[in-house]
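# What the coordinates show
So the chains spell out like this:
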Amino acid sequence: MQTTLTVQCPWCFERLELWVDPYTAGEFVRDCDVCCRPWRVFVARDASGRLQVNVQRSG
Ligand SMILES: [Zn+2]
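Heads up: these notes are all about the structure in this document. Computed from a predicted model, the values in this text were never measured in an experiment.

### Brief notes about the coordination of the zinc ion
Every protein donor of the zinc ion is accounted for by Cys9 (SG), Cys12 (SG), Cys32 (SG) and Cys35 (SG), and the metal-donor separations fall at 2.3 Å. One way to put it: the four donor atoms around the zinc ion meet at angles of 103 to 119°, and that makes the site tetrahedral. When its relative accessible area of 0% is taken as the criterion, Cys9 is described as buried.

### Focus: the pattern of salt bridges
Counted under the stated rule, the structure contains three salt bridges. For the salt bridge of Arg40 with Glu27, the shortest nitrogen-to-oxygen distance reads 3.4 Å. On the criterion of sequence distance, the pair formed by Arg40 in strand E4 (residues 38-45) and Glu27 in strand E3 (residues 26-31) is long-range, its members being 13 residues apart. Across the pair Asp46 and Arg50 runs a salt bridge whose closest N-O atoms are separated by 4.0 Å.

### Section: the nonpolar core
Residues Val7, Leu18, Trp39 and Val41 are the most contacted members of the largest nonpolar core, which totals 13 residues. Those elements that place two or more of their residues in this core are strand E1 (4-8), strand E2 (15-19), E4 and strand E5 (51-57). Residue contributions to this core peak at three residues, all from E4.

### A word on the environment of Val43
Mapped onto the elements of the fold, Val43 is located in strand E4. In sequence terms Val43 and Gly26 are 17 residues apart; their C-alpha atoms lie 5.0 Å from each other. Val43 has contacts with Val20, Thr24, Ala25, Gly26, Phe28, Leu51, Gln52 and Val53, leaving out every residue within four places of it along the chain.

Definitions and limits used
- Residues numbered from 1 in each chain as written.
- Predicted model: local features only at pLDDT ≥ 70, side-chain atom pairs only at ≥ 80, totals over all residues.
- Heavy atoms only, no water.
- Donors = N, O, S within 2.8 Å, 3.2 Å for Na, K, Ca; no water.
- Tetrahedral: all angles 85-135°; square planar, octahedral: opposite > 155°, others 65-115°.
- Buried < 20%, exposed > 50% of the residue type's maximum accessible area, 1.4 Å probe, protein only.
- Salt bridge = Lys/Arg side-chain N within 4 Å of Asp/Glu carboxyl O.
- Helix = DSSP H or I, 4+ residues; strand = E, 2+ residues; numbered from the N terminus.
- Core = buried A, V, L, I, M, F, W, Y, C linked by side-chain atoms within 4.5 Å.
- Contact = heavy atoms within 4.5 Å.

Written out as structure tokens, the structure is:
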């Protein structure tokens, strides 16, 4: 099952590898490793376990 993918920070536009716990789905908040501003991360998986992640600004 896929657990990492590359996302782009909605604040500083750096591209970062995001690790997602295999049992995580839905929404969580994390800080950007580069600019430390908060992301709201929406996680979904398709039937084959492929991650679909949407990152938006939080706060
Ligand atoms: Zn950032």
